[in-house]
Amino acid sequence: MASDGARKQFWKRSNSKVPGSIQHVYGAQHPPFDPLLHGTLLKSTPKVPTTPVKAKRVSTFQEFESNTSDAWDAGEDDDELLAMATESLNSEVVMETAHRVLRNHSQRQSQPSQKEMTEPEPQPIAEPPVAPSGDLRLVKSVSESHTPCPSESTSDPVPLQRSQSLPHSATVSLSGTSDPHALGGSALSKREATRLDKFKQLLAGPNTDLEELRKLSWSGIPKPVRPMTWKLLSGYLPANVDRRPATLQRKQKEYFAFIEHYYNSRNDEAHQDTYRQIHIDIPRMSPEALILQPKVTEIFERILFIWAIRHPASGYVQGINDLVTPFFVVFICEYIDQEDVDEVDVSSVPAEVLRNIEADTYWCMSKLLDGIQDNYTFAQPGIQMKVKMLEELVSRIDERVHRHLDGHEVRYLQFAFRWMNNLLMRELPLRCTIRLWDTYQSEPEGFSHFHLYVCAAFLVRWRREILEERDFQVP
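For clarity, every value in this text was computed on a predicted model and none was experimentally measured. (Residues numbered from 1 in each chain as written. Predicted model: local features only at pLDDT ≥ 70, side-chain atom pairs only at ≥ 80, totals over all residues. Heavy atoms only, no water.)

Participant: Sorry if this is basic, but what is going on with helix 17 (residues 412–421) here?
Facilitator: Every α-helix carries 3.6 residues per turn, so stepping three or four residues along brings you back to the same face. Turning to helix 17, its buried residues are Tyr412, Ala416, Trp419, Met420 and Asn421. Its buried side turned inward, helix 17 meets helix 15 (381–397), helix 16 (399–407) and helix 19 (447–461). Note on helix 17: the residue one or two positions beyond its end, leucine 423, has a positive phi of about 55 degrees. (Buried < 20%, exposed > 50% of the residue type's maximum accessible area, 1.4 Å probe, protein only. Helix = DSSP H or I, 4+ residues; strand = E, 2+ residues; numbered from the N terminus. Contact = heavy atoms within 4.5 Å.)

So this is what it looks like as structure tokens:
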């Protein structure tokens, strides 16, 4: 055991280059930190020797950041380096470097058109190479490309880098023309077509690999395969393709048996208050153009009433009604061509198709609520606990915002209750909600925790508005 601890400490404190060791990647911040310019930063401050201690585990929020490939790429091992760079960087050097990069980037945008009008010239050395398959690769960071320091000549173009998987805006000749916008559009369509093919191959197999399907769904689900993917990831349909038709038929038949048995009791004294509340809440939902159609209202009333009757521990609670909309919209879009859901005329959809959509919506919503039902039981303990967890999370990731809210006696329950109650359905446009639920569906066990991280990201995103006490809106 002692040797294992010594080995771990060796990897932690050894500064020598060991085969396979992980080296720091510079330039993942703006303005980039270049060791060629500021090499003294790493030498001026001697590292204090550490005593053998137990390795500190990365917090769950940092794990969330790394999994989502966000712009915050600083890991736990980079904290010391970034802190030294922040304290010691010369502001004049920073501004000069930033202006030089922006100026050269602007020059690069205007140079290709001028060169094409005179005579063809070879590609500049600073431009990144293009892979034979047409896939554009990201260039290396400033420190790795060995660019000159600010005191040297600024005539050579310097590429502008970001540590994200976005296509580089290099000028590439296609069929004798140079159009970066056309190139970006074709690359995007090609990438989406490739993703769609991957989904179709997984769904067409005899037994769908649900783990692989979840990994693909994390980054979004293409619209043509979203209905089937949601049904599989929610647990409504089995992975075996041969069993799906029989399962659909059986579950749809079971749902309409519930309607025949329970729905007529909506006017009974024991259930009339529940039905009345559902009837009042549905017209308040969005999008209004869809919800206010009589057929949609009837479908939502049946779904919510049947769920409340079959789940007496919670019954119907305001907020559950908002969770029906994403499923219904995704499933009905399988049969219509309109992109804007607000313009959908449900009366044009065949009655038998609407019946199937209604049953599918009920079962998928039930699967979702099975994992968060404590949000809607007496006193809603699930929401109370999640709001408290949100407060603790924000206090760790942005203490200044937390102190500001606490100093002004703003309680998290006052603004975050609705975020938890209806899963941000009232805060985000419907198209954004559906995209967010693609990722929700890919995290069945951590659904509630992922939603917690999204709410924390809201506060971090609004940090400036909160501290300056300005009005802000969801982008």
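Participant: How do you make sense of the environment of alanine 351 when you look at a structure like this?
Facilitator: Along the chain, the position of alanine 351 falls in helix 14 (residues 351–370). Of the residues examined, alanine 351 reaches a relative accessible area of 56% and is grouped as exposed. For the pair alanine 351 and lysine 295, spaced 56 residues apart in the sequence, the C-alpha separation amounts to 9.9 Å.

Participant: What is the right way to look at the pattern of salt bridges in this model?
Facilitator: When charged atoms on two side chains of opposite charge get close, those side chains can pair. Applying the stated criterion across every chain, the model contains 11 salt bridges. Here glutamate 399 ties to arginine 403 by a salt bridge, and the two come within 3.5 Å at their closest N and O atoms. Of this pair, glutamate 399 and arginine 403 both sit in helix 16, separated by 4 residues, roughly a single helical turn. Residue glutamate 399 is classed as partly exposed on the basis of its relative accessible area, which comes to 48%. Of the charged contacts in the structure, one is a salt bridge between arginine 418 and glutamate 427, with a shortest N-O distance of 2.6 Å. The partly exposed category is assigned to arginine 418, whose relative accessible area is 41%. With relative accessibility at 12%, the residue glutamate 427 sits in the buried group. (Salt bridge = Lys/Arg side-chain N within 4 Å of Asp/Glu carboxyl O.)

Participant: Which parts of the structure should I look at to understand the side chain of aspartate 281?
Facilitator: Of note, aspartate 281 is situated in helix 10 (residues 272–281). In this structure aspartate 281 comes out as buried when scored by relative accessible area, which is 3%. At 2.7 Å, the side chain of aspartate 281 forms a polar contact with the side chain of tyrosine 316. Leaving out residues up to four positions away in the same chain, aspartate 281 has contacts with Tyr316, Gln318 and Asn321. (Polar contact = N/O pair within 3.5 Å; in protein donor to acceptor, adjacent residues only side chain to side chain.)

Participant: Before we go on, may I ask you to explain the packing of aromatic side chains in this structure?
Facilitator: The way to describe two aromatic rings as a pair is by their centre distance and the angle between their planes. Following the criterion strictly, the structure yields 20 aromatic pairs and no others. Relative to phenylalanine 415, the ring of tyrosine 412 has its centre 5.3 Å away and its plane inclined at 45 degrees; by these criteria the two rings are tilted. With tyrosine 412 and phenylalanine 415 both in helix 17 and 3 residues apart, this pair spans about one turn of that helix. Its relative accessible area of 22% is what places phenylalanine 415 among the partly exposed residues. Here a set of aromatic residues connected by ring pairs shows up, and it is made of Tyr255, Phe256, Phe258, Tyr262, Tyr362 and Trp363. Lying across the ring of phenylalanine 256, arginine 355 places its NZ or CZ 3.8 Å from the centre. (Phe/Tyr/Trp six-rings, centres within 6.5 Å; stacked < 30°, edge-to-face > 60°. Lys NZ or Arg CZ within 6 Å of the ring centre and 35° of its normal.)

Participant: Hey, could you run me through the environment of proline 294 in this one?
Facilitator: Take proline 294: it is sitting in helix 12 (residues 294–310). For the pair proline 294 and serine 347, spaced 53 residues apart in sequence, the C-alpha to C-alpha distance is 9.2 Å.

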